[in-house]
Amino acid sequence: MAAYLLHPAGLMLLFLTVVSLVTAQEQGLFFPYGREAGDSNLEPEDDGGEEVVISIDFPFFDQNHRSLYVNTNGVVSFLQNVVQYTPDSFPLGNDRRMIAPFWADVDTTTNGTVWYRETTDFNLLREATDEVGRVFAVDFKFNPFRAEWMLIATWDRVPFYNAHGANVITNRQNTFQAVLVTDGKYSFTFFNYGEIQWTTGVSSYGDKVTGLGGDNELAVPAQVGFNAGDARNFYSVPSSQTDDIVQINRTTNVRKPGRWMFRIDGNEIEVAGCEDDQSGNLRVSPSQVLMLGGDVLSISGPCFDATSDVFCEINGYKIQASYDFVQDPFTVRCATPLFTSLGEVPVHLSKDGGVNFNYTGYVTVVSMNRVAPKVTSTETNGVLRISWDRDGYPFTTNTINADQIRVDVFLYEYTEDATTGQILLKPVLKIVDDVKLSNGFGSLLTPQLDEQIDVGLYRVVLHGTVDVNDPGISLTMGIPGTDPSQAPMPSMWSIPFNGNPPLASESTQWCQKWAAKEPSINTTGDSLPACPCTLQQARADVGAFEPDPWCNQDSEAEDKCPHRNEVVHCVRAQRSSTQGRGQLCCYDNTNNIVLLADNFEGGSTLSHFHGGATPAGHPGSIPYLSNYLEDRVPWEQCCPGSGYLEGVCSLYRDRRPSNDCKDYLPPKPAAVFGEPHFITFDGTKYTFNGYGEFMLMTAPESNVFIHGRMAQMIDNVKATGLTAVTMKVGESDTVQVELNDRRTLDVWVRSEDRETWQRLGFEQSSWWIDKTDGPIVELIGADERQGVRVIFNDGTAFEAKAPAGGSAMALMILASSSLKDQTRGLLGRWNDDPSDDLTAPNGIILPRDPLTQLHDFFGLKWILEGADRLFRDDISINYTLVNQPTFQASYDLVSTLTEEELNTVCGDSEVCRYDYKKTSSSDMGDAARDVEEDYEDTNESTKPVASCGYLSPPSGGSKLGTVYLNQSTVTFNCSEGFTMTGSASRKCIDRVWQGNVTLCTAVASPLRDLLIIIIVAAVLAGLLLIGICFICLLCCISSRKKKKNRKEKHSGLELGTLPENGGIHNHALVTTPLASDRTPSDTPTSSIIGDHNYENSMQRNHHSRDDPQTAFRFPDTNGYAVMTGDRHPTSTSEAARHHRAAPLEDRPVYRVSATESRGPGYRIAEEARAGPSHAAGTSAGSSRPIPNRDPSRSKQPKVRAEENTYDDPRAVRQRDRSRKNGKGSIIKDPNTAHFDAEYDSSDDEIARIKRQLRREVEEEDDEE
């Protein structure tokens, strides 16, 4: 076999085989190259190169480039051609900025070709775009990369220098390709490797036959990687400058052997694919997530394989990651949970099923109002329409087809329970069921809930992943719930809304219930900031206040202030108080503050800060939601919901009082801009063209530091400008804003916890915060990258802008009022005394002129060196040349500009004229004038305004005037019937209300006094009359009771009832009315004795045994009564015993009729028949006892007694007197068993009753 290979034919076959294998490999990795592809080629030479001017900005190491060099020795370089043939180890300086797919000593003088071309071919760009999207999925989840330009450079079968021999085997050759791809903003490099046969040229001490380093210690094999040219920043591919680099065509970082990929536009090289380390940092996208959760994080860094069991740990939740090894081998994805605090949150990752979380990345949680909602709702004519972002749904894989996805929409209720410590997001109703995600909306009739909810939200989820009976998403004392249904899942949320019905009556009831349990806020001792007094102050004080999302003049919404008609703008505090409260301040079209005490549209103290509070996860501390539940909903219910009823909205006012701005202290501005021009805190203006890093402002007592970097902006102009600023307050993170020719402005933050710098990305929101009390960073301006605002916890803020047309940064600082009398530095002392503004560190005060003296003895004295610097190290800065104290700026303005040209551009602006003359650039002049005008507006808006505070109207009166600022007047009026004491009007002067306290006192008059006397007399007379009537009533009742007691006492009868069986328990005496068909006698003393109708009435009153209920209507009571007796005789005679033993049916019944009590007549009615047929039944009416009768006569037939008229009482008394003399007697009933010996010998019981009743009549007459 060896002999055959040495034969020329065998050698040729081997060559063709190798070439065919290489070609096949190249076809799988290489982009088309060569003459047929339209390439150009370098001239055959050793150590040559050619500059290529390109048609797009190509970002490399955070710098844009418009040209590059294709070098023979395996390098694409920038800034200069690289002719060095022996590769040095990275990092390298001297601006040797290069991309090195295989830097070695290449010689194409004998054979081999270096091809290159730039292209915008659509198919090639699409292929590059797809490959970038596959490999860098994490970086471009929200902003997909689309390639717009490519450079393809190919080293086609190139040998090493000084290769010897005609033998094919010893003539080693390499084929490799570098592909540069960009869209002008992001850039990438593909390294593609074909056959690699050598590593080291002969001049680099390589073997002249093999082209390898071998055992020679001096040999320098090829270098693969990137170098920034600043001697600090670089990246080398593993095995560079070793013999193993020959195997690079068998290695990869993107799971395609022979291909390596990198992202190269940033200040550091980002290696594609993964790193097989046991621990490390993660790349996480998006870097910003919403607090309600549902975002899907794309995470890369470590290497994964088909057996990886990947989990994420986020905010206490352990989440199973989604991973597709075939389609997306470098990225895992995890859905985010509910977050209960804003700021930076760590993301931990485990590859062993959640046992060890060895990898860490970070995301920033932003509040709900910082991002446009992906789910919105509208209601029209009873139809509810839910809309969602078709392209915004967070999928857990890149291969999903959105057109096939179906979703549900649920209504959730948000609640907090302070007793249990639970917060809960619970599904209460499925709004839309099983619709296509691509539809983008769902409609239905507005649903009616069984129970109204205070705070509702809409959530879009994959169909079938949520059930309305699920317990919801909960945390108890900050600890997540454990129910499986609470697992984080991809979803989209709406912003919260008030779920109560818009009915005034129900809103009123809601407010009254809320007020009954809600205490009034006591702000004593709290650090709540006072409201600005004017709208100008409120808009200018960006360090302490921000626009309220529900009432914002700058809002793009059609209704900028819902529920408010007179208020035009509101602001809310940027920071919470020490007790976790917030402040809302509102203003009307007169630019004055509006108080709830004057107008129910006014601002108020908020019980819960909108940004959340500590401890996180507890009721009342949840960002946005707690504030909405406890402050926004109560105001909507009590005020606009009730129609602003005084008695209802006042319930909210009393519990959420407004701040009257009396204690407000505005911030103080200072500025640096243009050449640069300085305006101190006390308003001193001067120019200082320093070159280096300087102390702009420091307040050592408060540990506040602001540093600025200035550099020469235009090469031929001896002037400088501000290029970067950095600030730190106390133990806060350090924030740096710097100019960048690619992104206008960059923001870098160095966390004190991690001590590393990170460049902030704003994928989802223009707002960023690290932690609750950390600095806030916000992009501002029409072009979001045109300005950056940084706000620190003490209320100090700075705004950095890159003015259109200006080459220097413009800076405005707003110092918190707490820094007064503390500041030092180039921006002077803030003590309201401009004379000492230009004080050097040694205490010497310099004059403004001459500028050269100010430059040397004031400006340069504030230069920073060494450990005092706060700035980060940047690759574009040569720090050995950062500070140039010997730089001599030119302060002489020699210009060829005419006065007309200056007037046209600048008018009377001195700073504009200065910069225009200095630079001959009208854009620089315009920019300086615009910034100075911004400063003047801010300075005017932040001037102190004296306020005397709220002045209430007097009780019984009213006031005219709701402005309480200096020189304002409030006038008072008293209501009718009241008179005024004190001042009729009061004026605010120097924070004190002039005049006396105004009172309205009730008016006294003769007519009024007379009216009061009459009313009091009438009331007293009425009470007296009522008292007399009451006494009379008591006397009558007492008299009747006495009469009744006497009757019961003397009658010796007992009340009772007859048995229901119809028998007679004892002898019955039943009252009997006159028959309805009888006409009673007209004679007052008439009785039924002698009444011939009586017999008929007796027959009508007869009842059979079958009807035991015997009743009779009384004319005076209109009721029925039965009178029965149960009295036992006192005699022990045999007759009495015989009577008691007699059968019930043998006992007779006696009936007696009674008329009016005055003059009654009595008789004995002896029944013709005795026995059960005369048994009386029970009744609820009055009854009289039945007397006992002689048992010897109990079975004898009864005959009617002889009638006797009962005379008038006067006649009775006359007869009584005769009887007392023994001359008269009563009529004796022969049937009576007993006899009253004093009056009659008869013992008839009825006679005895007659005598007793006669006595009672006499006693009554005596009493009357």
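The coordinates are above.
Residues numbered from 1 in each chain as written. Predicted model: local features only at pLDDT ≥ 70, side-chain atom pairs only at ≥ 80, totals over all residues. Heavy atoms only, no water.

(A) Fine view of the overall build of the protein. When helices and strands are counted, the protein shows 16 helices and 62 strands. Within the protein, buried positions represent 51% of all 1264 residues. Sequence-distant contacts, at least 24 apart, represent 64% of the contacts inside the protein between residues at least 6 apart. Per element, the accessible surface of the protein, about 57100 Å² overall, is 50% carbon and sulfur. (Helix = DSSP H or I, 4+ residues; strand = E, 2+ residues; numbered from the N terminus. Buried < 20%, exposed > 50% of the residue type's maximum accessible area, 1.4 Å probe, protein only. Contact = heavy atoms within 4.5 Å. Areas by Shrake-Rupley, 256 points an atom, 1.4 Å probe, with all protein chains shown as cover.)

(B) Spatial organisation of the packing of aromatic side chains. Counted according to the given criterion, the structure contains 38 aromatic pairs. Seen from their ring centres, Trp 155 and Phe 176 are 5.0 Å apart, and the 15 degrees between their planes marks the pair as stacked. With Trp 155 in strand S7 (residues 149-158) and Phe 176 in strand S8 (residues 174-182), this residue pair connects regions lying 21 residues apart in the sequence. The exposure class assigned to Trp 155 is buried, which follows from its relative accessible area of 0%. On the numbers, 5.3 Å between centres and 85 degrees between planes, the contact of Phe 688 with Phe 694 is edge-to-face. (Phe/Tyr/Trp six-rings, centres within 6.5 Å; stacked < 30°, edge-to-face > 60°.)

(C) A look at the environment of Ser 604. Tracing the chain through its elements places Ser 604 in strand S38 (residues 604-606). With near-sequence residues (within four places) excluded, Ser 604 lies in contact with Gln 583, Leu 584, Leu 596, Tyr 652, Arg 656, Pro 657 and Ser 658.

(D) Quick look at the nonpolar core. Ile 299, Tyr 414 and Leu 425 are the most contacted members of the largest nonpolar core, which has 76 residues in total. For this core, the element with the most residues is helix H6 (residues 625-638), which contributes 6 residues. In terms of nonpolar packing, the next biggest core, distinct from the first, is built from 58 residues, Met 695, Ala 800, Leu 811 and Trp 830 among them. (Core = buried A, V, L, I, M, F, W, Y, C linked by side-chain atoms within 4.5 Å.)

(E) The arrangement of the pairing of S8 in detail. Most of S8 is tucked away, with 9 of its 9 residues classed as buried. As defined by bridge partners, S7 adjoins S8 across 8 bridges and the pair is classed as antiparallel. The residue of S8 that forms the bridge with Met 150 is Val 181. The pairing of S8 with strand S9 (residues 187-196) spans 8 bridges and is classified as antiparallel. For Asn 174, the partnering residue across the bridge sits in S9 and is Ile 196. Here S8 hands over to S9 after 4 residues, with Gly 184 in that stretch at a positive phi of 90 degrees. (Pairing = 2+ DSSP bridges.)

(F) Fine view of a negative patch on the surface. Taken together, Asp 215, Glu 217, Asp 243 and Asp 244 make up a surface patch of like negative charges. Relative to the assigned elements, Asp 215 resides in the loop between S9 and strand S10 (223-227). Looking at Asp 215, the relative accessible area reads 82%, which means it is exposed. (Patch = residues over 30% accessible without salt bridge, like charges linked within 9 Å, V, L, I, M, F, W, Y side chains within 5 Å. Salt bridge = Lys/Arg side-chain N within 4 Å of Asp/Glu carboxyl O. Lys, Arg positive; Asp, Glu negative; His and termini not counted. Charge placed at Lys NZ, Arg CZ, Asp CG, Glu CD.)

(G) Seen up close, the side chain of Lys 918. Within the secondary structure layout, Lys 918 lies in helix H10 (residues 910-919). Overall, the relative accessible area of 10% leaves Lys 918 in the buried class. Of note is the side chain of Lys 918, whose polar atom sits 2.9 Å from the backbone oxygen of Ser 890. (Polar contact = N/O pair within 3.5 Å; in protein donor to acceptor, adjacent residues only side chain to side chain.)

(H) Geometry of unusual backbone geometry. Residue Glu 675 is joined to Pro 676 through a cis peptide bond whose omega torsion reads 10 degrees. Each neighbour pair has its own omega, and for Asp 849 with Pro 850 the value is 0 degrees, a cis peptide bond. When you line up the elements, Pro 850 lands in the loop between strand S52 (810-815) and helix H8 (851-859). The phi torsion at Asp 832 lies on the positive side, around 65 degrees, for a residue other than glycine. Structurally, the position occupied by Asp 832 is in the loop between S52 and H8.

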